[in-house]
Amino acid sequence: MTENPKIAGLSLGGECNNRCVFCFGSSAPAGEKQYPIDRAKKKLEEYRHADMRRLIIGGGEPTLWQNLTGVVQLAREMGFAEVQVQTNARLLSYLSTCRELVESGVAGYSVGVHGASSAAHDFLTKTPGSLVQTLAGIQNLKRLGQRVVVNTWIVKSNYRNLGEIVRLLAALKVDAVRMAFVRVPGGMTDQEDWLVAKQEMAGSQIRSAVIVAQRQGLPLSIAGVPPCVLGGDAGAQSVCASFAQISFDSDAPCSWTNSHTAKGPECKRCRLFDDCAGAPVEYTERYGWSEFRPV
Ligand code: SF4
């Protein structure tokens with residue numbers, strides 16, 4: 001039997017101790033809580049019936065649940081070969097909490113870092129002190145030998161500093177970085193102009209970050225920015241990726257992870273057509289196709 005390559009996503013709810021500006025489904029934490037194990041079991045059974053063997057546990061912020069380790073252990077017992085946790089890692093800055101989660105059987109962590117300085121990152125998380133804790137969490141995970149992949153949303157306030165973010169993450173010895181152009185569920189409006197960078201402005205800066213990553217030996221991928229924006233050469237093609245395909249459960253408040261990309265009227269003339277994942281639909285609906293020129 002061929003293994004189902006799609007990744008199952010289990011959201012434990014929208015509560016989060018950050019208030020990120022690009023997160024459109026989270027809410028403030030409401031005290032210490034236990035996630036109902038029978039609810040987790042029911043959702044996980046559906047995924048196992050669909051032959052899914054890889055699981056990402058997300059939220060909101062899953063480490064806010066006191067029995068997260070119990071959910072991880074349940075997933076392992078139910079036959080998930082690989083369980084990852086999507087987290088801001090702030091609570092993992094406590095070494096004992098971090099160790100407990102590691103020992104429950106998590107295979108990898110994806111952690112959000114959106115700025116190279118507290119001013120830049122905390123501005124986007126709307127939470128003073130969040131970068132310091134997140135970096136301490138990453139350090140603890142690496143100290144315990146864990147695989148850490150960092151996710152960075154590309155936005156107007158950080159695209160000029162993506163190279164600095166890469167340097168910071170290389171120094172922390174993370175395993176890979178996935179940058180993705182910011183998504184806006186329901187479409188971009190005037191209200192998001194302060195958040196969303198123009199792709200033609202950001203392209204050269206993203207390309208510079210790619211070069212920094214190559215020099216540092218740090219694997220980097222870029223989603224939501226087609227290769228024509230990054231120069232259109234082999235170097236650009238090698239880093240362009242699709243948005244992650246995660247099958248989140250229906251209760252997930254933040255499940256805007258799956259691909260909604262398209263190609264424009266001129267794209268048929270592009271020699272990269274077959275290898276290109278396209279541009280985010282909500283971006284081209286607002287700004288049109290003039291920035292995406294056939295290679
Ligand atoms: S197919 Fe279109 S979006 Fe993709 S690289 Fe070519 S011009 Fe750009």
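Residues numbered from 1 in each chain as written. Predicted model: local features only at pLDDT ≥ 70, side-chain atom pairs only at ≥ 80, totals over all residues.

Colleague: Explain unusual backbone geometry to me, and be specific about the residues and the numbers.
Modeller: The omega torsion across G59 and G60 is 10°, close enough to zero to call that bond cis. Along the polypeptide, G60 turns up in the loop between β2 (54-58) and α2 (68-77). Even without being a glycine, D51 presents a positive backbone phi close to 65°. By the secondary structure assignment, D51 is in the loop between α1 (37-49) and β2. Overall, D51 belongs to the exposed group, with 11 C-beta atoms counted inside 10 Å. (Helix = DSSP H or I, 4+ residues; strand = E, 2+ residues; numbered from the N terminus. Buried ≥ 20, exposed ≤ 12 C-beta atoms within 10 Å, placed from the backbone.)

Colleague: Account for the packing of helix α6 (residues 162-171) against helix α7 (residues 199-216), with residues named and values stated.
Modeller: In helix packing, the relevant descriptors are the interaxial angle and the interaxial distance, both defined with respect to the helix axes. In contact at an axis separation of 8 Å, α6 and α7 are set at 20° when each is read in the N-to-C sense. Classified by the angle between their axes, α6 and α7 sit roughly parallel to one another. Classified by chirality, the crossing of α7 by α6 is right-handed. Counting all contacts with α6, which are made through L162, G163, V166, R167 and A170, the residues of α7 involved are Q205, I206, S208, A209, V212, A213 and Q216. For the contact of α6 with α7, the residue count by class is seven nonpolar, four polar and one charged. (Axes fitted to C-alpha atoms, helices over the stretch in contact; angles between N-to-C directions. Parallel < 35°, antiparallel > 145°, perpendicular 65-115°, else oblique. Left-handed = near helix turned anticlockwise from the far one by under 90°. Contact = placed C-beta atoms within 7 Å. Nonpolar A, V, L, I, M, F, W, Y, C, P; charged D, E, K, R; others polar.)

Colleague: Give a description of the nonpolar core that names residues and reports values.
Modeller: Core analysis: the biggest nonpolar cluster contains 73 residues, and L55, I57, I154 and I206 have the highest contact counts within it. Residues in contact with L55, not counting those within four places in the same chain, are A8, L10, Y47, A75, F80 and V83. (Core = buried A, V, L, I, M, F, W, Y, C linked by C-beta atoms within 7 Å.)

Colleague: Give me the lowdown on the pairing of β2, citing residues and values where you can.
Modeller: The element β2 is extensively covered by neighbouring structure, given that four of its five residues are classed as buried. Relative to β2, strand β1 (residues 7-11) is paired through four bridges, and the arrangement is parallel. Bridging across to β2, L10 finds its partner in I57. Remark: the β1/α1/β2 crossover connection has right-handed handedness. In terms of strand pairing, β2 meets strand β3 (residues 82-87) through four bridges, oriented parallel. Looking across to β3, one finds that R54 is bridged to E82. After leaving β2, the chain enters α2 and then returns to the sheet as β3, a path that is right-handed. (Pairing = 2+ DSSP bridges. Right-handed = clockwise from strand over helix to strand, strands pointing away.)

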